[in-house]
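Breakdown of the fold
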Amino acid sequence: MLTKGPYEATITEESILNYWLENKFFKPEYHPEKGLQTEAEMRADQRDPFTIVNPPPNAYMRPHIGNVSGYAYQDVLLRYNRLLGKKVLGQPGKDHAGIQGEVVVEKIFLENKKKSKQDLGREKFYKASYAHFQKLMPMVMADEKRIGLSSDYERNLFTLDPRVVNTILNTFVSLYSDGMVYKGVRIVNWDPVAKTTLADIDTERVERETELVYIKYPLKQEIDGINHITVATTRAETMLGDTAVIVNPKDERYKKLIGAIVVLPLTNREIPIITSERVESEFGTGAVKLTPAHSYDDYVMMNEWNSVAKENEKIGYINVINKQAKMYGPIPERYNGLSTEEARSKVLVDLEEQGLIEKKEAHTQSVMVGERSKAVIEQIMSSQWFIDVERLKQPAIEAVKSGKIQIHPKYMTKKYLTWMENLHDWPVSRSLWWGYRIPVWYKGELSEDIDEKGQVVETVGGEKVENINDAVNKGLAKIQIDPPGTTFAVIRHGATEHNQEHRLTGRIDTPLSESGIKECEIYANNLQESFDLIISSPQKRAFQTAEIIAAKQNSKPNIITDERLRERDFGIAEGKNWEELIAENPELAKSNSPLFQPELPEAETITEVESRVEDWIKETAEKYTGKKILVVTHAGVYRVIRRQLGGMNADESRTDIANLQMERYHIKEEGWIQDEDVFDTWFSSGQWPYATLRANNINDCFFPTDVMETGHDILELWVSRMIMLSLYTENKIPFKHVYLHGLVKAPDGQKMSKSKGNVIAPEEIITKYGADSLRLLYVVGNRAGSSYPVSYEKLEGYKRFLNKIWNAAKFVLSNLEDLNIDHLANTDIKNLNLAETDRTMLDHMNLLIADTTRRLDNFNLGIAAQELYDSFWHTFADIYLEEVKMRLYTKDKNGNPINTSEQEKQSRFAAQWTLYNCFREYLILLHPFIPFISERIWQDLPKTDKESKTIMYSRWPQR
RNA sequence: GGGCAGCUAGCUCAACUGGUUAGAGCAAUUCGUUUACACCGAAUAGGCUAGGGGUUCGAGUCCCUUGCUGCCCACCA
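Bear in mind the structure is a predicted one, so any value in this text is a computation, not a measurement. (Residues numbered from 1 in each chain as written. Chains lettered and ligands numbered in written order. Predicted model: local features only at pLDDT ≥ 70, side-chain atom pairs only at ≥ 80, totals over all residues. Heavy atoms only, no water.)

In this section: unusual backbone geometry. Where the residue is not glycine, phi is negative for most of them; where a peptide bond is considered, it is trans in most cases. Look at the link from His408 to Pro409: it is a cis peptide, with omega at 0 degrees. Following Phe703, the chain continues to Pro704 via a peptide bond in cis, the omega torsion being 0 degrees. Mapped onto the elements of the fold, Pro704 is located in the loop between α22 (699-702) and β33 (705-711). Unusually for a residue other than glycine, Lys24 sits at a positive phi of about 60 degrees. Considering the arrangement of structural elements, one finds Lys24 in the loop between α1 (9-22) and β1 (30-31). Non-glycine residue Asn268 carries a positive phi angle of around 60 degrees. (Helix = DSSP H or I, 4+ residues; strand = E, 2+ residues; numbered from the N terminus.)

Below, the structure is given as structure tokens:
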């Protein structure tokens, strides 16, 4: 029974959550009538799918109240669609968080173990970080559960999970083979302390007092009595790398100097005067020294100039600062090796001596520093991996323009399109250890140097390479998932039934069972690897398996059979020879086992099998060096092969799809070194929707997904990438709708941030007001895209609303106690003696159902929730319940029986009927928003046998 | 500098494609109530929807314009 007194949200919610989890209601396998199905049954289940891939939160820290808000919106949609009768999947995940993740973990190691990442070494650091993240993930997941997010936690995935690796890396390899990946020299933000390149987002700006120095650059030839041009700079030392002086083409003062040659002081290099609209004539002298290698703006201006300039007028860059932030390259010897500050002073002294300094003035400059290291960022030229987005962006623009993907709120569409249309090539490499290491292998060490002209050059094993294609062509680089060498991927044939009978007949050529074929097909569909060759046992089932897989391979590999892979004795499957097996189980000898059929080869001992398999491996590895081979055989030989390969000091990895396990063994070729960089996190999270579903082998039933729900702040960074990569890899849109929520602000309206110390933990709110109240705060009256502050007044109000529902439930249930629920369910509305107030209530209900449905369908969650709130409280509770009371009571104040006449009884029944139906519908309508309390009351609501035991799988009311 | 959004009751926000008298919560004032709920109910007050102009039978909503506020992008060498 519902307890008397105020509603105890926290206690109730915890037990309801356990009830849901224990019954596996969050799994798409759960069916309202059939209960929990197997994965195969779920796959065959004809209900419409509905999928939301949850944006993966950072796994290293517990989310704050704003991070959790998204789950509330996602869950409203998940639960609503479940009530509509769909097969619903919420796919959760946790993010490794790139640079932030690396910094956080390193700090912890430094504090706890007094070891830096260099002390640990790359491999150990990665493993330790992985373990650390695995430990933290359940904590982050606990918060997701607590807010009620009804995602399938058993399918939760970490972004670096081995099951998603192949998908992510494969995309890069295939982008490369489609000519959409290149390595190019580009200006980067280099953090000389952290020794890494930084994305702009990982930097911040600080104000610094400095001096703006006016320097005279002499002209080679005097023009109209002018013999120099004066530039203003705060970074005099970079003049050693100047390649032009740039002025605004409209600036009258310099018009006649455009195209003139300047002799750069100190180095005596000759550089031209060129133009750019970007130069502001009012600042300094209106003439700017151009150092494309060390200033992002200059770099941009160089590219712009070069894109329109004639071939002989193009300018280049000269890199004069190295990765230690020291002066380096084609510069006078006396500056070599100085820090930038030392060089600046020295340059100024030298210029002063030559009388080239016109004046100095104080200037406030904002300099870029690393967000974590606080070190001054040097912009330098470096070779980076890029993805050419030209061919990716058009389909992604089209998908949104055509309305195949809809963005809510609609005005954000423009934000997306503007960003996409201005999108430039995407630099995807990051100098980190924590992430997907770029699958490129070099024959010898890759090194990046500055040559005598200040140009970035790369060498592989000491040999200079022009670009990555050049390196590949020369055999110095390979772009592939596995390390160079021969790869054996081993699976056994696809039969699952292993009853005794099957095993006994299995050794002769029986075909795959129906379920075996199905299993193989699922496997082949979900296999994210391509093979050069398939080698199969000549036995039927193995060969069939090989054929099914080969048919799904884009590389169309040949299948060859090898007699040595034949399994001759089922006994070795158990690791025993047949004699031992019969000794254990004498019944076998009496059976019709083909084991005793004379036409078959003799059974072997394990040693014999091992020796023939060993021969085969050696021969194959030699014959097919550098290939990737899939080996398909029967279970016993399969095990022997694995054992043998495992003993060959080879790298191992394993994937399981359906009931089939694949183990890969790389027999590495000596001398190959993998690229040191990892991918930008957006490269992996940009593949998250299909990468997760593939890893769980359910891409075929749940992709494309229905809704991507996330904060509007990462529309460009994340959503755009998912659309591009999905259209490229899957040739499908990743989702049909994008719902962008606003950001939750602190109670004072300020942005919530750790540094401001105004971060609120969800736990804090939930223990005080309940998860349902918090969900209402997120949803009620808020519209997509708009930010809103945390309001304790509102939370208080929503807590009271829950209490109102609780008490209304007590009233309704206590007045239905004498009711036969089957009788009520079978009573037609026409036979009821409805009062005016009943009809008004029922009409109101019809309207409410229609409104709520329409609003949820249109993603107007805030209005839907608002109307439900108002309707329940002010129409149902305040008006209808009050009006109906006197008809329901069976005793007056003094305990005397009332409502005893036949007419009164009929009226009472009509009231009960209306009360029951409306209340029941309210619970369902409210359930997506406040799942806990609605479920708790549902448990006590009288129900017919046909009705779902959990409100999660009840039916959305139809009108 | 470019783009986007916002400006509505004292405060925080709604009003879905133009359509009754612009609504909630909190705060305020008055009254009531104990067979669901004092974590309640009823009522009152509070608005030239930032200013100005336009389109329309009709504008918070569409167009123009001015002024603030916030966010994103590009940023002074």
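Further remarks concern the sheet that holds strand β16 (residues 378-387). Strands belonging to one sheet form pairs held by backbone hydrogen bonds; the direction of such a pair is parallel or antiparallel. Spatially, the 4 strands line up as an open sheet ordered β8-β7-β16-β18, and their pairing is antiparallel. With one partner strand each, in any of the chains shown, β8 (196-198) and β18 (426-427) form the two edges of the open sheet. (Pairing = 2+ DSSP bridges.)

On to the protein's contact with RNA strand B, then. Taken together, 45 residues form the shell around RNA strand B, and within it Pro6, Phe283, Asp297, Arg800 and Trp873 come nearest. Near-protein atoms of RNA strand B (within 4 Å) split between backbone and bases, with sugar and phosphate holding 66%. One of the side-chain nitrogen or oxygen atoms of Arg783 is found 3.2 Å away from a phosphate oxygen of RNA strand B. The separation between a phosphate oxygen of RNA strand B and a polar side-chain atom of Tyr889 is 3.1 Å. The set of elements that each furnish at least two residues to the surface near RNA strand B consists of β10 (226-233), α8 (296-308), α26 (792-814), α28 (836-857) and α29 (861-888). In terms of residue count, α29 provides more of the surface near RNA strand B than any other element does, 11 residues in total. Its residues assigned to classes, the surface near RNA strand B shows 15 nonpolar, 10 polar and 20 charged. (Near = heavy atom within 4 Å. Polar contact = N/O pair within 3.5 Å; in protein donor to acceptor, adjacent residues only side chain to side chain. Nonpolar A, V, L, I, M, F, W, Y, C, P; charged D, E, K, R; others polar.)

We now examine empty space enclosed by the protein. Under the definition given, this model contains 3 cavities of 30 Å³ or more. Size it by volume and the largest cavity reaches roughly 160 Å³. Elements with a contribution of two residues or more to the lining of the largest cavity: α7 (162-177), β29 (651-657) and α21 (688-695). The dominant element in the lining of the largest cavity, judged by the number of residues it contributes, is α7, at 6 residues. Split by residue class, the lining of the largest cavity holds 6 nonpolar, 6 polar and 5 charged. (1 Å grid on protein atoms, 1.4 Å probe; cavity = no way out; pocket = protein on both sides within 12 Å on 5 of 7 lines; lining within 4 Å. Points joined across faces, edges and corners; volume = space filled by probe spheres on them.)

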